[in-house]
Amino acid sequence: MKNRLLQEFTTFQLMEEVTNRLRDAEVSEIMNWCDNCAHFKPSDKANDKYNPCSKKHEMQFHAPNSMSEMVYGEFGFYRLVCLDRVENK
């Protein structure tokens, strides 16, 4: 994408580039943690097919890399971009 004007790209190409850059960035800097969203409804029952997002969005899970990340770091379900996101109050 170097040395080209933005007007030369389609909207899809621009969005794809932004998504790729987000994926390449540090995970902790870009996460929209789902458990901070009003649409996140966890269940007490173990069920591999249960989707805790009431909007039924597909989520990814970031697992901690070490015990200290488990205690002090952030981990859990997230989406890179979610237009339906509503912060819990």
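Residues numbered from 1 in each chain as written. Predicted model: local features only at pLDDT ≥ 70, side-chain atom pairs only at ≥ 80, totals over all residues. Heavy atoms only, no water.

Enquirer: So what exactly am I meant to see when it comes to the overall build of the protein chain here?
Expert: Along its length, the protein chain carries three helices and three strands. Mapped from its N terminus to its C terminus, the protein chain presents α and β elements in the order α-α-β-β-α-β. The long-range fraction of contacts in the protein chain, counting pairs at least 24 apart against all pairs at least 6 apart in sequence, stands at 49%. (Helix = DSSP H or I, 4+ residues; strand = E, 2+ residues; numbered from the N terminus. Contact = heavy atoms within 4.5 Å.)

Enquirer: What's the story with empty space enclosed by the protein in this structure? I'm lost.
Expert: Left-over empty space is what a probe sized like a water molecule reveals as it rolls over the atoms. Counted by the stated rule, this structure contains one cavity of 30 Å³ or more. What lines the largest cavity is a set of 13 residues, among which C34, C37, C53, R79 and C82 lie closest to the centre. In the lining of the largest cavity, the residues fall into six nonpolar, three polar and four charged. (1 Å grid on protein atoms, 1.4 Å probe; cavity = no way out; pocket = protein on both sides within 12 Å on 5 of 7 lines; lining within 4 Å. Points joined across faces, edges and corners; volume = space filled by probe spheres on them. Nonpolar A, V, L, I, M, F, W, Y, C, P; charged D, E, K, R; others polar.)

Enquirer: Got a minute to help me understand unusual backbone geometry in this structure?
Expert: Generally, phi is negative for residues other than glycine and the peptide bonds are trans, each holding for most cases. One non-glycine residue, K56, lies in the positive phi region at around 60°. Along the chain, K56 falls in the loop between β1 (32–33) and β2 (60–62).

Enquirer: Mind showing me how you'd approach the confidence of the model for the protein chain here?
Expert: Keep in mind that low pLDDT regions are not for reading the predicted coordinates in detail. This prediction gives the protein chain a mean pLDDT of 82; 87% of its residues lie at or above 70. Taken element by element, the protein chain is modelled with least confidence in helix α2 (residues 27–30), mean pLDDT 56, and with most confidence in strand β3 (residues 76–79), mean pLDDT 87. (pLDDT = per-residue confidence, 0-100.)

Enquirer: Would you take a moment to explain a nonpolar patch on the surface for this structure?
Expert: On the surface, F61, M67, M70, V71, Y72, F75 and F77 cluster together into a nonpolar patch covering about 800 Å² of accessible area. Tallying contributions element by element places helix α3 (residues 67–72) first for the nonpolar patch, with four residues. In this fold, Y72 is placed in helix α3. Exposure remark for Y72: the relative accessible area of 72% places this residue in the exposed category. (Patch = residues over 30% accessible without salt bridge, like charges linked within 9 Å, V, L, I, M, F, W, Y side chains within 5 Å. Areas by Shrake-Rupley, 256 points an atom, 1.4 Å probe, with all protein chains shown as cover. Salt bridge = Lys/Arg side-chain N within 4 Å of Asp/Glu carboxyl O. Buried < 20%, exposed > 50% of the residue type's maximum accessible area, 1.4 Å probe, protein only.)

Enquirer: Help me understand the sheet that holds β1, please; the structure alone is not making it clear to me.
Expert: Backbone hydrogen bonds are what pair the strands of a sheet, in a parallel or an antiparallel way. An order of β1-β3-β2 is seen for the three strands of this open sheet, with the pairing classed as antiparallel. In the strand order of this sheet, the two ends are held by β1 and β2, each with one partner. Pairing between β1 and β3: two bridges, direction antiparallel. Counted as the bridge partner of W33 is Y78 from β3. (Pairing = 2+ DSSP bridges.)

Enquirer: Please explain the packing of aromatic side chains as it appears in this structure.
Expert: The geometry of an aromatic ring pair is captured by the separation of the ring centres together with the interplanar angle, meaning the angle of the planes. Counting across every chain of the model gives three aromatic pairs. Here the aromatic rings of W33 and Y78 are separated by 6.2 Å at their centres, their planes lie at 70°, and the arrangement is edge-to-face. Taken together, the positions of W33 in strand β1 and Y78 in strand β3 put the pair 45 residues apart, joining distant regions of the chain. The same class applies to W33 as to Y78, namely buried. Both rings, one in F61 and one in F77, keep their centres 5.2 Å apart while their planes meet at 75°; by these two values the pair is edge-to-face. Placement of the pair is F61 in strand β2 and F77 in strand β3, with a sequence separation of 16 residues. You can call F61 partly exposed: its relative accessible area is 48%. Owing to a relative accessible area of 32%, F77 belongs among the partly exposed residues under this scheme. Pairwise contacts between aromatic rings join F40, F61 and F77 into one cluster. (Phe/Tyr/Trp six-rings, centres within 6.5 Å; stacked < 30°, edge-to-face > 60°.)

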